[in-house]
Amino acid sequence: MALHFERAEYSARLERLTEKMREEKLDAMLLFAQESMYWLTGYDTFGYCFFQSLVVKADGSMVLITRSADLRQARHTSTIDNIVVWVDRLNADPTMDLKNLLSEMDLLGARIGIEYDTHGMTGRVARLIDNQLMSFGQIVDASYLVSRLRLIKSPAEIAYVERAAELADDALDAALALIAPGADEADILAAMQGAVFSGGGDYPANEFIIGSGADALLCRYKAGRRKLDATDQLTLEWAGASAHYHAAMMRTVIIGEATHRHQELYNACLETIRAIETVLRPGHTFGDVFDTHARIMDERGLTRHRLNACGYSLGARFSPSWMEHQMFHAGNTEDILADMSLFVHMIIMDSDTGAAMTLGQTYMTTAEEPRALSRHQLDFLSR
(Lines give C-alpha, C1' and ligand atoms only; values in the text may rest on other atoms or scores of the structure.)
Protein backbone atom coordinates (compact mmCIF):
# COMPACT_ATOMS: atom_id res chain seq x y z
CA MET A 1 0.00 0.00 0.00
CA ALA A 2 1.09 3.58 -0.72
CA LEU A 3 0.69 4.86 2.85
CA HIS A 4 2.62 7.90 4.05
CA PHE A 5 2.21 7.10 7.75
CA GLU A 6 2.41 4.05 9.99
CA ARG A 7 -0.87 2.25 10.57
CA ALA A 8 -0.61 3.14 14.26
CA GLU A 9 -0.87 6.81 13.30
CA TYR A 10 -4.07 6.21 11.34
CA SER A 11 -5.46 4.21 14.26
CA ALA A 12 -4.72 7.09 16.63
CA ARG A 13 -6.49 9.51 14.30
CA LEU A 14 -9.54 7.25 14.15
CA GLU A 15 -9.58 7.07 17.94
CA ARG A 16 -9.48 10.87 18.17
CA LEU A 17 -12.35 11.12 15.70
CA THR A 18 -14.59 8.55 17.38
CA GLU A 19 -13.93 10.14 20.77
CA LYS A 20 -15.05 13.49 19.40
CA MET A 21 -18.09 11.86 17.79
CA ARG A 22 -19.10 10.42 21.14
CA GLU A 23 -18.73 13.87 22.71
CA GLU A 24 -21.01 15.28 20.03
CA LYS A 25 -23.37 12.29 20.40
CA LEU A 26 -22.94 11.32 16.75
CA ASP A 27 -23.63 7.74 15.74
CA ALA A 28 -21.92 8.21 12.37
CA MET A 29 -20.11 10.72 10.19
CA LEU A 30 -20.42 11.13 6.43
CA LEU A 31 -17.07 12.46 5.25
CA PHE A 32 -17.08 14.29 1.92
CA ALA A 33 -13.91 16.35 2.31
CA GLN A 34 -11.07 14.56 0.54
CA GLU A 35 -8.56 15.90 3.06
CA SER A 36 -10.62 14.31 5.86
CA MET A 37 -10.55 10.93 4.14
CA TYR A 38 -6.83 11.32 3.42
CA TRP A 39 -6.03 12.29 7.02
CA LEU A 40 -8.06 9.43 8.45
CA THR A 41 -7.15 6.60 6.07
CA GLY A 42 -4.53 7.75 3.53
CA TYR A 43 -7.08 7.61 0.69
CA ASP A 44 -5.54 9.72 -2.07
CA THR A 45 -7.54 10.68 -5.17
CA PHE A 46 -9.06 13.57 -7.09
CA GLY A 47 -12.19 11.47 -7.53
CA TYR A 48 -14.05 13.70 -5.07
CA CYS A 49 -15.09 15.73 -8.12
CA PHE A 50 -17.70 12.95 -8.37
CA PHE A 51 -19.95 11.61 -5.62
CA GLN A 52 -18.24 9.65 -2.88
CA SER A 53 -18.44 9.47 0.90
CA LEU A 54 -16.62 7.71 3.70
CA VAL A 55 -19.08 6.54 6.36
CA VAL A 56 -17.51 6.35 9.82
CA LYS A 57 -19.47 4.88 12.72
CA ALA A 58 -18.83 5.73 16.34
CA ASP A 59 -17.54 2.19 16.90
CA GLY A 60 -14.72 2.88 14.42
CA SER A 61 -16.03 0.84 11.49
CA MET A 62 -15.80 2.48 8.07
CA VAL A 63 -17.25 1.97 4.58
CA LEU A 64 -16.35 3.99 1.49
CA ILE A 65 -18.95 4.48 -1.24
CA THR A 66 -17.36 5.61 -4.50
CA ARG A 67 -17.19 5.01 -8.26
CA SER A 68 -15.51 2.08 -9.96
CA ALA A 69 -12.67 4.34 -11.14
CA ASP A 70 -11.59 4.82 -7.53
CA LEU A 71 -11.98 1.25 -6.30
CA ARG A 72 -8.35 0.31 -6.86
CA GLN A 73 -7.20 3.80 -5.85
CA ALA A 74 -8.78 3.30 -2.44
CA ARG A 75 -7.39 -0.21 -2.05
CA HIS A 76 -3.89 0.90 -2.98
CA THR A 77 -3.61 4.17 -1.04
CA SER A 78 -5.71 3.68 2.09
CA THR A 79 -6.46 1.57 5.14
CA ILE A 80 -10.10 1.18 4.07
CA ASP A 81 -11.20 -2.45 3.91
CA ASN A 82 -14.88 -2.08 2.99
CA ILE A 83 -15.65 -0.37 -0.32
CA VAL A 84 -19.02 -0.11 -2.05
CA VAL A 85 -19.26 0.99 -5.70
CA TRP A 86 -22.21 2.93 -6.99
CA VAL A 87 -22.83 2.46 -10.71
CA ASP A 88 -22.67 5.26 -13.29
CA ARG A 89 -25.91 5.18 -15.22
CA LEU A 90 -28.56 7.45 -16.72
CA ASN A 91 -30.31 9.50 -14.03
CA ALA A 92 -28.16 7.91 -11.34
CA ASP A 93 -28.77 9.12 -7.79
CA PRO A 94 -25.92 7.78 -5.65
CA THR A 95 -27.50 9.26 -2.55
CA MET A 96 -30.05 6.43 -2.76
CA ASP A 97 -27.15 3.96 -2.72
CA LEU A 98 -25.77 5.82 0.29
CA LYS A 99 -29.11 5.62 2.08
CA ASN A 100 -29.28 1.88 1.43
CA LEU A 101 -25.74 1.50 2.74
CA LEU A 102 -26.60 3.41 5.91
CA SER A 103 -29.60 1.15 6.42
CA GLU A 104 -27.39 -1.93 6.03
CA MET A 105 -25.04 -0.41 8.62
CA ASP A 106 -27.95 -0.26 11.09
CA LEU A 107 -28.05 3.54 11.13
CA LEU A 108 -31.79 4.05 10.61
CA GLY A 109 -32.90 6.70 13.10
CA ALA A 110 -29.29 7.53 13.98
CA ARG A 111 -27.76 10.95 14.63
CA ILE A 112 -25.51 11.50 11.60
CA GLY A 113 -22.95 14.26 11.10
CA ILE A 114 -22.27 15.46 7.54
CA GLU A 115 -19.40 17.48 6.09
CA TYR A 116 -21.29 20.06 4.05
CA ASP A 117 -18.66 22.81 3.84
CA THR A 118 -16.25 21.15 1.42
CA HIS A 119 -15.43 21.17 -2.27
CA GLY A 120 -16.36 17.48 -2.30
CA MET A 121 -20.01 18.38 -1.68
CA THR A 122 -21.84 20.19 -4.46
CA GLY A 123 -25.09 22.04 -3.86
CA ARG A 124 -26.95 19.43 -5.91
CA VAL A 125 -25.52 16.59 -3.83
CA ALA A 126 -26.43 18.40 -0.61
CA ARG A 127 -30.04 18.75 -1.74
CA LEU A 128 -30.23 15.09 -2.77
CA ILE A 129 -28.76 13.92 0.53
CA ASP A 130 -31.14 16.08 2.54
CA ASN A 131 -34.08 14.69 0.57
CA GLN A 132 -32.94 11.13 1.21
CA LEU A 133 -31.91 11.40 4.84
CA MET A 134 -34.13 13.99 6.53
CA SER A 135 -36.69 11.30 7.33
CA PHE A 136 -34.03 8.60 7.77
CA GLY A 137 -32.38 10.00 10.88
CA GLN A 138 -31.23 13.17 12.60
CA ILE A 139 -28.89 15.11 10.32
CA VAL A 140 -26.25 17.41 11.82
CA ASP A 141 -23.89 19.81 10.05
CA ALA A 142 -20.49 18.57 11.26
CA SER A 143 -18.42 20.31 8.60
CA TYR A 144 -15.61 21.35 10.93
CA LEU A 145 -15.31 18.36 13.25
CA VAL A 146 -12.48 16.63 11.38
CA SER A 147 -11.12 19.97 10.17
CA ARG A 148 -10.41 21.00 13.75
CA LEU A 149 -8.81 17.65 14.54
CA ARG A 150 -6.42 18.23 11.64
CA LEU A 151 -5.26 21.53 13.12
CA ILE A 152 -2.81 19.86 15.52
CA LYS A 153 -0.02 18.12 13.63
CA SER A 154 1.67 14.93 14.80
CA PRO A 155 5.48 14.61 14.68
CA ALA A 156 5.16 12.59 11.47
CA GLU A 157 2.97 15.28 9.90
CA ILE A 158 5.38 18.02 10.99
CA ALA A 159 8.15 16.23 9.11
CA TYR A 160 6.13 16.55 5.88
CA VAL A 161 5.34 20.21 6.62
CA GLU A 162 9.04 20.89 7.14
CA ARG A 163 9.89 19.19 3.86
CA ALA A 164 7.22 21.24 2.12
CA ALA A 165 8.83 24.38 3.55
CA GLU A 166 12.23 23.33 2.16
CA LEU A 167 10.63 22.88 -1.25
CA ALA A 168 9.02 26.32 -1.02
CA ASP A 169 12.44 27.80 -0.30
CA ASP A 170 13.88 25.94 -3.29
CA ALA A 171 11.14 27.44 -5.44
CA LEU A 172 12.02 30.96 -4.29
CA ASP A 173 15.70 30.33 -5.01
CA ALA A 174 14.78 29.21 -8.52
CA ALA A 175 12.67 32.33 -9.07
CA LEU A 176 15.29 34.77 -7.78
CA ALA A 177 17.87 33.29 -10.13
CA LEU A 178 15.70 34.34 -13.09
CA ILE A 179 14.01 37.57 -12.00
CA ALA A 180 15.52 40.45 -13.96
CA PRO A 181 14.45 42.97 -16.59
CA GLY A 182 13.20 41.08 -19.63
CA ALA A 183 12.58 37.83 -17.75
CA ASP A 184 9.46 35.92 -18.77
CA GLU A 185 6.89 35.09 -16.11
CA ALA A 186 6.44 31.72 -17.79
CA ASP A 187 10.09 30.80 -17.19
CA ILE A 188 9.90 31.95 -13.57
CA LEU A 189 6.74 29.94 -12.93
CA ALA A 190 8.18 26.85 -14.62
CA ALA A 191 11.35 27.07 -12.54
CA MET A 192 9.42 27.40 -9.28
CA GLN A 193 7.09 24.47 -9.90
CA GLY A 194 9.97 22.46 -11.35
CA ALA A 195 11.98 22.95 -8.16
CA VAL A 196 9.14 21.44 -6.14
CA PHE A 197 8.75 18.47 -8.47
CA SER A 198 12.50 17.89 -8.70
CA GLY A 199 12.67 17.83 -4.93
CA GLY A 200 10.09 15.05 -4.76
CA GLY A 201 7.13 17.32 -4.00
CA ASP A 202 3.56 17.31 -5.28
CA TYR A 203 1.21 19.52 -7.21
CA PRO A 204 -0.09 22.25 -4.90
CA ALA A 205 -3.80 22.31 -4.08
CA ASN A 206 -4.16 25.54 -6.06
CA GLU A 207 -2.15 27.34 -8.69
CA PHE A 208 0.91 29.41 -7.86
CA ILE A 209 0.07 33.11 -8.03
CA ILE A 210 2.29 35.22 -10.28
CA GLY A 211 1.69 38.74 -11.52
CA SER A 212 3.82 41.68 -12.56
CA GLY A 213 3.11 45.29 -13.41
CA ALA A 214 -0.56 46.03 -12.73
CA ASP A 215 -1.17 42.31 -12.23
CA ALA A 216 1.08 42.40 -9.14
CA LEU A 217 -1.93 43.81 -7.28
CA LEU A 218 -3.98 40.65 -7.87
CA CYS A 219 -4.42 38.00 -5.20
CA ARG A 220 -5.34 35.14 -7.51
CA TYR A 221 -3.83 33.28 -10.43
CA LYS A 222 -4.96 34.34 -13.89
CA ALA A 223 -4.09 33.06 -17.34
CA GLY A 224 -1.62 35.03 -19.42
CA ARG A 225 2.10 35.85 -19.15
CA ARG A 226 4.27 38.92 -19.70
CA LYS A 227 7.95 39.84 -19.59
CA LEU A 228 9.32 42.05 -16.85
CA ASP A 229 10.08 45.67 -17.62
CA ALA A 230 13.29 47.44 -16.59
CA THR A 231 11.31 48.95 -13.71
CA ASP A 232 8.64 46.57 -12.48
CA GLN A 233 7.10 44.71 -9.55
CA LEU A 234 6.43 40.97 -9.31
CA THR A 235 4.12 39.37 -6.76
CA LEU A 236 4.53 35.66 -6.06
CA GLU A 237 2.50 33.38 -3.80
CA TRP A 238 3.36 29.69 -3.84
CA ALA A 239 3.66 26.61 -1.68
CA GLY A 240 5.90 23.63 -1.36
CA ALA A 241 3.86 20.43 -1.08
CA SER A 242 5.01 17.09 0.32
CA ALA A 243 2.52 14.21 0.64
CA HIS A 244 -0.12 16.93 0.12
CA TYR A 245 1.11 18.90 3.17
CA HIS A 246 1.66 22.54 2.26
CA ALA A 247 3.99 25.33 3.37
CA ALA A 248 3.15 28.61 1.67
CA MET A 249 5.21 31.74 1.07
CA MET A 250 4.54 35.16 -0.46
CA ARG A 251 6.84 37.93 -1.70
CA THR A 252 6.78 40.99 -3.91
CA VAL A 253 10.07 41.48 -5.75
CA ILE A 254 10.99 44.92 -7.12
CA ILE A 255 12.76 45.07 -10.48
CA GLY A 256 14.91 48.13 -11.00
CA GLU A 257 14.79 51.08 -8.59
CA ALA A 258 12.28 50.75 -5.77
CA THR A 259 9.91 53.64 -5.18
CA HIS A 260 9.51 55.33 -1.81
CA ARG A 261 5.99 53.87 -1.66
CA HIS A 262 7.29 50.33 -2.11
CA GLN A 263 9.74 50.79 0.75
CA GLU A 264 7.04 52.36 2.91
CA LEU A 265 4.67 49.44 2.30
CA TYR A 266 7.43 46.90 2.95
CA ASN A 267 8.20 48.54 6.29
CA ALA A 268 4.54 48.23 7.25
CA CYS A 269 4.51 44.55 6.25
CA LEU A 270 7.65 43.77 8.23
CA GLU A 271 6.52 45.65 11.35
CA THR A 272 3.18 43.89 11.28
CA ILE A 273 4.49 40.38 10.76
CA ARG A 274 7.00 40.86 13.59
CA ALA A 275 4.19 42.03 15.87
CA ILE A 276 2.09 39.02 14.88
CA GLU A 277 4.92 36.71 15.90
CA THR A 278 4.37 37.91 19.49
CA VAL A 279 0.75 36.68 19.50
CA LEU A 280 1.14 33.61 17.28
CA ARG A 281 1.32 31.34 20.29
CA PRO A 282 -0.89 29.59 22.88
CA GLY A 283 -2.95 31.99 24.97
CA HIS A 284 -4.10 33.88 21.90
CA THR A 285 -6.72 33.33 19.21
CA PHE A 286 -6.84 33.52 15.44
CA GLY A 287 -8.80 36.74 15.89
CA ASP A 288 -5.99 38.24 17.99
CA VAL A 289 -3.63 37.74 15.05
CA PHE A 290 -5.93 39.62 12.72
CA ASP A 291 -6.52 42.40 15.26
CA THR A 292 -2.76 42.94 15.48
CA HIS A 293 -2.58 43.12 11.69
CA ALA A 294 -5.49 45.53 11.40
CA ARG A 295 -4.27 47.81 14.20
CA ILE A 296 -0.82 48.41 12.74
CA MET A 297 -2.00 48.72 9.15
CA ASP A 298 -4.76 51.12 10.14
CA GLU A 299 -2.39 53.23 12.24
CA ARG A 300 -0.27 53.63 9.11
CA GLY A 301 -3.29 54.77 7.08
CA LEU A 302 -3.46 51.55 5.07
CA THR A 303 -7.02 50.49 5.87
CA ARG A 304 -8.18 50.78 2.25
CA HIS A 305 -5.17 48.88 0.94
CA ARG A 306 -5.05 45.88 3.31
CA LEU A 307 -7.20 42.76 3.23
CA ASN A 308 -9.77 41.51 5.73
CA ALA A 309 -7.74 38.39 6.52
CA CYS A 310 -4.02 37.87 7.03
CA GLY A 311 -3.48 34.13 6.86
CA TYR A 312 -4.82 30.71 7.73
CA SER A 313 -4.06 27.19 8.84
CA LEU A 314 -2.28 24.85 6.44
CA GLY A 315 -2.07 21.10 6.18
CA ALA A 316 -2.79 18.28 3.76
CA ARG A 317 -5.19 19.77 1.26
CA PHE A 318 -6.64 19.00 -2.16
CA SER A 319 -7.72 21.19 -5.08
CA PRO A 320 -9.04 23.78 -5.47
CA SER A 321 -7.45 25.41 -2.40
CA TRP A 322 -4.57 24.83 0.00
CA MET A 323 -6.34 26.98 2.64
CA GLU A 324 -7.89 25.31 5.68
CA HIS A 325 -11.13 26.60 7.18
CA GLN A 326 -9.45 28.38 10.09
CA MET A 327 -8.42 31.88 9.01
CA PHE A 328 -7.01 34.99 10.68
CA HIS A 329 -9.98 37.33 10.46
CA ALA A 330 -11.98 39.52 12.81
CA GLY A 331 -13.79 37.71 15.60
CA ASN A 332 -12.29 34.24 15.05
CA THR A 333 -12.21 32.65 18.54
CA GLU A 334 -10.23 29.57 17.44
CA ASP A 335 -7.42 29.08 19.94
CA ILE A 336 -3.81 28.98 18.82
CA LEU A 337 -2.21 25.81 20.18
CA ALA A 338 1.17 24.17 19.82
CA ASP A 339 1.95 22.12 16.70
CA MET A 340 -0.20 24.08 14.26
CA SER A 341 1.20 25.00 10.84
CA LEU A 342 0.00 28.54 10.11
CA PHE A 343 0.59 30.78 7.11
CA VAL A 344 0.84 34.50 7.90
CA HIS A 345 0.66 36.89 4.96
CA MET A 346 0.87 40.65 4.71
CA ILE A 347 -0.80 41.89 1.52
CA ILE A 348 -0.98 45.59 0.67
CA MET A 349 -2.39 46.56 -2.71
CA ASP A 350 -2.35 50.33 -3.26
CA SER A 351 -4.49 50.92 -6.32
CA ASP A 352 -4.02 54.69 -5.97
CA THR A 353 -0.29 54.53 -6.72
CA GLY A 354 -0.25 51.13 -8.42
CA ALA A 355 2.19 49.77 -5.84
CA ALA A 356 2.01 46.23 -4.47
CA MET A 357 3.82 44.75 -1.48
CA THR A 358 3.47 41.35 0.14
CA LEU A 359 5.36 39.36 2.73
CA GLY A 360 4.40 35.93 4.01
CA GLN A 361 5.72 32.66 5.39
CA THR A 362 4.60 29.53 7.23
CA TYR A 363 5.18 29.02 10.94
CA MET A 364 5.00 26.01 13.23
CA THR A 365 3.59 26.99 16.61
CA THR A 366 5.20 25.78 19.83
CA ALA A 367 4.43 26.16 23.54
CA GLU A 368 6.20 29.53 23.30
CA GLU A 369 7.34 31.58 20.29
CA PRO A 370 6.46 30.37 16.77
CA ARG A 371 9.10 28.77 14.57
CA ALA A 372 9.45 30.17 11.05
CA LEU A 373 9.91 27.27 8.64
CA SER A 374 11.66 29.18 5.85
CA ARG A 375 15.44 29.49 5.65
CA HIS A 376 14.90 32.83 3.88
CA GLN A 377 14.84 36.05 5.89
CA LEU A 378 12.03 38.57 5.50
CA ASP A 379 14.23 40.89 3.48
CA PHE A 380 13.20 43.53 0.95
CA LEU A 381 13.72 41.78 -2.39
CA SER A 382 14.87 43.71 -5.46
CA ARG A 383 16.61 42.79 -8.67
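For the structure, see preceding data.
Criteria and thresholds
- Think of each chain on its own: its residues are numbered from 1, step by step along the sequence as written.
- Only residues with pLDDT of at least 70 are given local features in this predicted model, and only at 80 or more are side-chain atom pairs given and counted; all residues enter the totals for whole chains, interfaces and linings.
- In computing side-chain values, all of the structure's heavy atoms are included and hydrogens and water are not.
- Throughout, exposure labels follow a simple rule: accessible area from a 1.4 Å probe, protein chains only, divided by the maximum for the residue type, with under 20% read as buried, over 50% as exposed, and the rest as partly exposed.
- Each helix is a run of H or I in the DSSP string that is no shorter than four residues. Each strand is a run of E no shorter than two, and both are numbered from the N terminus.
- Here the rule is simple: two strands pair whenever DSSP picks up at least two bridges between them.
- Each polar contact in these results corresponds to two N or O atoms within 3.5 Å; when the atoms are within protein, one needs to be able to donate a hydrogen and the other to accept it, and residues that are neighboring in sequence are counted only if both atoms are side-chain atoms.
- Contact definition: two residues touch when any of their heavy atoms are within 4.5 Å.
- Starting at the helix axis, one direction is taken to each C-beta atom, and the arc is that of these directions.
- Whenever a carboxyl oxygen of Asp or Glu lies within 4 Å of a side-chain nitrogen of Lys or Arg, that contact is scored as a salt bridge.
- Every axis corresponds to a line fitted to the C-alpha atoms, with the helix fit spanning only the stretch in contact, and the corresponding angles, defined between N-to-C directions, vary from 0 to 180 degrees.
- Working definition: roughly parallel below 35 degrees, roughly antiparallel above 145 degrees, roughly perpendicular at 65 to 115 degrees, and oblique for all remaining angles.
- Should the near helix be turned anticlockwise from the far one by less than a right angle, the crossing is termed left-handed; should it be turned clockwise, right-handed.
- Under the scheme applied, nonpolar residues are Ala, Val, Leu, Ile, Met, Phe, Trp, Tyr, Cys and Pro; charged residues are Asp, Glu, Lys and Arg; polar residues are all the others, including Gly.
- Any helix carries an expected span of 1.5 Å times its number of residues minus one.
- Among the buried residues, those of types Ala, Val, Leu, Ile, Met, Phe, Trp, Tyr and Cys that are joined through side-chain atoms within 4.5 Å form a nonpolar core.

Q: Talk me through the pairing of strand 12 (residues 355-364); I want residue IDs and the actual numbers.
A: Where burial is concerned, most of strand 12 is hidden: 10 out of the 10 residues are buried. Along strand 12, one buried face is formed by Ala355, Met357, Leu359, Gln361 and Tyr363 and the opposite face, lined by Ala356, Thr358, Gly360, Thr362 and Met364, is buried too. Relative to strand 12, strand 9 (residues 245-255) is paired through two bridges, and the arrangement is antiparallel. When the bridges of strand 12 are listed, arginine 251 appears paired with leucine 359. With 10 bridges connecting them, strand 11 (residues 341-350) and strand 12 associate as antiparallel partners. Looking at strand 12, one finds that isoleucine 348 is bridged to methionine 357. Here strand 11 hands over to strand 12 after four residues, with glycine 354 in that stretch at a positive phi of 80°. Here strand 12 hands over to strand 13 (residues 371-372) after six residues, the two strands then running antiparallel side by side.

Q: Before we move on, can you summarise the side chain of aspartate 232 with the specific residues and values?
A: Of note, aspartate 232 is situated in strand 8 (residues 232-242). In this structure the side chain of aspartate 232 is engaged in a polar contact, spanning 2.9 Å, whose partner is the backbone nitrogen of glycine 213. Beyond its immediate chain neighbours, meaning those up to four positions away, aspartate 232 contacts Ser212, Gly213, Arg226, Lys227, Val253, Ile254 and Ile255.

Q: How would you explain helix 4 (residues 94-104) if you had to name every residue and give the values?
A: Among the residues of helix 4, those classed as buried are Pro94, Thr95, Leu98, Leu101 and Leu102. Projected onto a plane normal to the axis of helix 4, the buried residues spread over an arc of 110° and lie on a single side. Those residues of helix 4 hidden inside the fold are in contact with strand 1 (28-31), strand 2 (53-57), strand 3 (62-66), strand 4 (83-85), strand 5 (111-114) and helix 5 (123-133). Count one or two residues on from helix 4 and you reach aspartate 106, which has phi positive near 60°.

Q: Help me get a handle on the environment of glutamine 73, residues and values and all.
A: Looking at the secondary structure, you find glutamine 73 in helix 3 (residues 71-77). Placed 17 residues apart in sequence, glutamine 73 and leucine 90 show a C-alpha to C-alpha distance of 24 Å. Not counting the four nearest positions on each side in its chain, glutamine 73 is found in contact with Tyr43, Asp44 and Thr45. Separated by 2.9 Å, the side chain of glutamine 73 and the backbone oxygen of aspartate 44 make a polar contact.

Q: Any details on the pattern of salt bridges? Residues and values, ideally.
A: Inspection of every chain in the model, using the stated rule, returns 24 salt bridges. Lysine 20 is the partner of glutamate 24 in a salt bridge, and the nearest nitrogen-oxygen pair spans 3.9 Å. Through salt bridges with shared partners, one network takes in Glu35, Arg150, Arg317 and Glu324.

Q: Would you mind going over the packing of helix 7 (residues 155-176) against helix 8 (residues 185-198) in detail, with residue names and values included?
A: Packing of helix 7 against helix 8 brings their axes to within 8 Å, and their N-to-C directions diverge by 150°. The orientation of helix 7 relative to helix 8 falls into the category roughly antiparallel. Crossing angle aside, the handedness with which helix 7 passes helix 8 is right-handed. Between helix 7, through Leu167, Asp170, Ala171, Ala174 and Ala175, and helix 8, the contact on the second element is made entirely by Ile188, Ala191, Met192, Ala195 and Val196. Its residues assigned to classes, the contact of helix 7 with helix 8 shows nine nonpolar, no polar and one charged.

Q: Can you tell me about the packing of helix 9 (residues 260-277) against helix 10 (residues 286-299), naming the residues and giving the values?
A: Where helix 9 meets helix 10, the closest approach of the two axes is 9 Å, and the angle between their N-to-C directions is 150°. By the criterion of interaxial angle, the relationship of helix 9 to helix 10 is roughly antiparallel. Helix 9 and helix 10 meet at a crossing whose hand is right-handed. Of the residues in helix 10, those touching helix 9 at Ala268, Cys269, Glu271, Thr272, Ala275 and Ile276 are Val289, Thr292, His293, Ile296 and Met297. Here the contact of helix 9 with helix 10 is built from residues that sort into seven nonpolar, three polar and one charged.

Q: Describe the sheet that holds strand 4, listing the residues and the values that go with them.
A: Taken in spatial order, the six strands line up as 4-3-2-1-5-6 in an open sheet, and their pairing is mixed. Two strands close off the open sheet at either side, each with one partner strand: strand 4 and strand 6 (138-141). Across the sheet, the mean angle from the axis of one strand to that of its neighbour is 20°, orientation sign disregarded. In the sheet, strand 2 pairs with strand 3 via four bridges, with the strands oriented antiparallel. By the bridge assignment, leucine 54 is partnered in strand 3 with leucine 64. Its contacts with the sheet put helix 2 (residues 34-41) on strand 1, strand 2 and strand 3, and the angle it makes with strand 2 is roughly 50°. Of the strands in this sheet, strand 1, strand 2, strand 3, strand 4 and strand 5 touch helix 4, which is tilted by about 160° from strand 3.

Q: Lay out helix 9 in plain terms, naming residues and giving numbers.
A: If you check helix 9, its first and last C-alpha atoms are 26 Å apart, about what 18 residues at 1.5 Å a residue would give, namely 26 Å. Where helix 9 is buried, its residues touch strand 8, strand 9, helix 10, strand 11 and strand 12.

Q: Residues and numbers for the nonpolar core, please.
A: By size, the foremost hydrophobic cluster in this structure holds 38 residues, and its most contacted members are Met29, Leu40, Leu54 and Val56. Beyond its immediate stretch of four places on either side in the chain, leucine 54 contacts Met29, Leu30, Leu31, Met37, Leu40, Thr41, Met62, Val63, Leu64 and Ile80. In this structure, Ala175, Phe208, Met249 and Ile255 belong to the second largest nonpolar core, which totals 36 residues.

Q: Let's hear about the environment of valine 63: which residues, and what values?
A: Relative to the helices and strands, valine 63 is located in strand 3. Between the alpha carbons of valine 63 and leucine 30 there is a distance of 9.9 Å; along the sequence they are 33 residues apart. Not counting residues up to four positions away in its chain, the partners in contact with valine 63 are Ser53, Leu54, Val55, Asn82, Val84, Leu101 and Met105.

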